[in-house]
Amino acid sequence: QFVESGGGLVQAGDSLRLSCAASGKTFPYWGAAWLRRTPGKGPYFVAAINEDGTDSVYSDSVTGRFTVSRNNAENTLSLQMSSLQRGDTGSYYCALTGKPLARSGDDYPLWGQGTQVTVSP
């Protein structure tokens, strides 16, 4: 089970930090990612990190603006977002996978409930 937090309504150019708290003891053994959903569209890959946090990948649209990190001792996943743009608006979900650094939402069988990020002009 995951609980995401940190979403909200911000202006373009602002920053936000999303957090995901996972329960259980297996979190450190999974690759993790942040995925985004918007109405009428499939999941959009944002960022992924491997099991021990030593490697990460990003979508082209967020590279240089977002940073994904994890703390396995605390079972948490984070996404630091800066220079937010209107196109970043959506529901953000943390997700786990047995295929670390996968870029397709189909590779993530475990999802949280999401947190909404809305970026105004």
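**Student:** I'm lost on the sheet that holds strand E7 (residues 66–71) in this one. Help?
**Tutor:** The pairing of strands in a sheet comes from backbone hydrogen bonds and takes either a parallel or an antiparallel form. Taken in spatial order, the four strands of this open sheet run E1-E3-E8-E7, and their pairing is antiparallel. The sheet is open, and its two edges are formed by strand E1 (2–5) and E7, each paired on a single side. Averaged over all pairs of adjacent strands, the angle between strand axes in this sheet comes to 15 degrees, irrespective of strand direction. In terms of strand pairing, E1 meets strand E3 (residues 16–22) through four bridges, oriented antiparallel. Residue pairing in the sheet places Val 3 in a bridge with Ala 21 of E3.

**Student:** What is the right way to read the packing of aromatic side chains from this model?
**Tutor:** Two aromatic rings are characterised by how far apart their centres lie and by the angle between their planes. Tallied over the full model, the rule gives one aromatic pair. When the ring centre of Phe 27 is taken as reference, the NZ or CZ atom of Arg 70 above it lies at 4.4 Å.

**Student:** Explain the state of the cysteines to me, please; I cannot follow it from the model alone.
**Tutor:** Disulfide: a covalent bond formed between the sulfur atoms of two cysteine residues. Applying the stated criterion across every chain yields a total of one disulfide. Across a sulfur-sulfur distance of 2.0 Å, Cys 20 and Cys 94 are joined as a disulfide pair. Where Cys 20 bonds to Cys 94 through sulfur, the torsion about that S-S bond is close to 40 degrees, and the disulfide is right-handed. Of this pair, Cys 20 sits in strand E3 while Cys 94 sits in strand E9 (residues 90–97), and the two are 74 residues apart along the sequence. Its relative accessible area of 2% is what places Cys 20 among the buried residues. Given a relative accessible area of 2%, Cys 94 falls into the buried group.

**Student:** I keep staring at the pattern of salt bridges and nothing clicks. Help me out?
**Tutor:** Two side chains bearing opposite charge may form a pair once their charged atoms approach each other closely. Considering all chains together, one arrives at two salt bridges under this definition. A salt bridge links Lys 99 to Asp 107, with the shortest nitrogen-to-oxygen separation between them at 3.2 Å. What makes Asp 107 partly exposed here is its relative accessible area of 22%.

**Student:** For this particular structure, what's the right way to read the side chain of Ser 91?
**Tutor:** Checked against the element boundaries, Ser 91 lands in strand E9. At a separation of 2.8 Å, a polar atom in the side chain of Ser 91 contacts the side chain of Gln 116. In contact with Ser 91, not counting residues within four places along its chain, are Leu 35, Arg 36, Arg 37, Thr 115 and Gln 116.

**Student:** Before we go on, may I ask you to explain the environment of Ala 102 in this structure?
**Tutor:** Mapped onto the elements of the fold, Ala 102 is located in the loop between E9 and strand E10 (110–111). The class for Ala 102 is buried, based on a relative accessible area of 9%. Sequence separation between Ala 102 and Ala 33 is 69 residues, and the spatial gap between their C-alpha atoms is 8.4 Å. Setting aside residues no more than four positions away along its own chain, Ala 102 makes contact with Phe 45, Ala 48, Asp 107 and Tyr 108.

Cut-offs applied
- Residues numbered from 1 in each chain as written.
- Predicted model: local features only at pLDDT ≥ 70, side-chain atom pairs only at ≥ 80, totals over all residues.
- Heavy atoms only, no water.
- Pairing = 2+ DSSP bridges.
- Helix = DSSP H or I, 4+ residues; strand = E, 2+ residues; numbered from the N terminus.
- Axes fitted to C-alpha atoms, helices over the stretch in contact; angles between N-to-C directions.
- Phe/Tyr/Trp six-rings, centres within 6.5 Å; stacked < 30°, edge-to-face > 60°.
- Lys NZ or Arg CZ within 6 Å of the ring centre and 35° of its normal.
- Disulfide = S-S within 2.5 Å.
- Buried < 20%, exposed > 50% of the residue type's maximum accessible area, 1.4 Å probe, protein only.
- Salt bridge = Lys/Arg side-chain N within 4 Å of Asp/Glu carboxyl O.
- Polar contact = N/O pair within 3.5 Å; in protein donor to acceptor, adjacent residues only side chain to side chain.
- Contact = heavy atoms within 4.5 Å.

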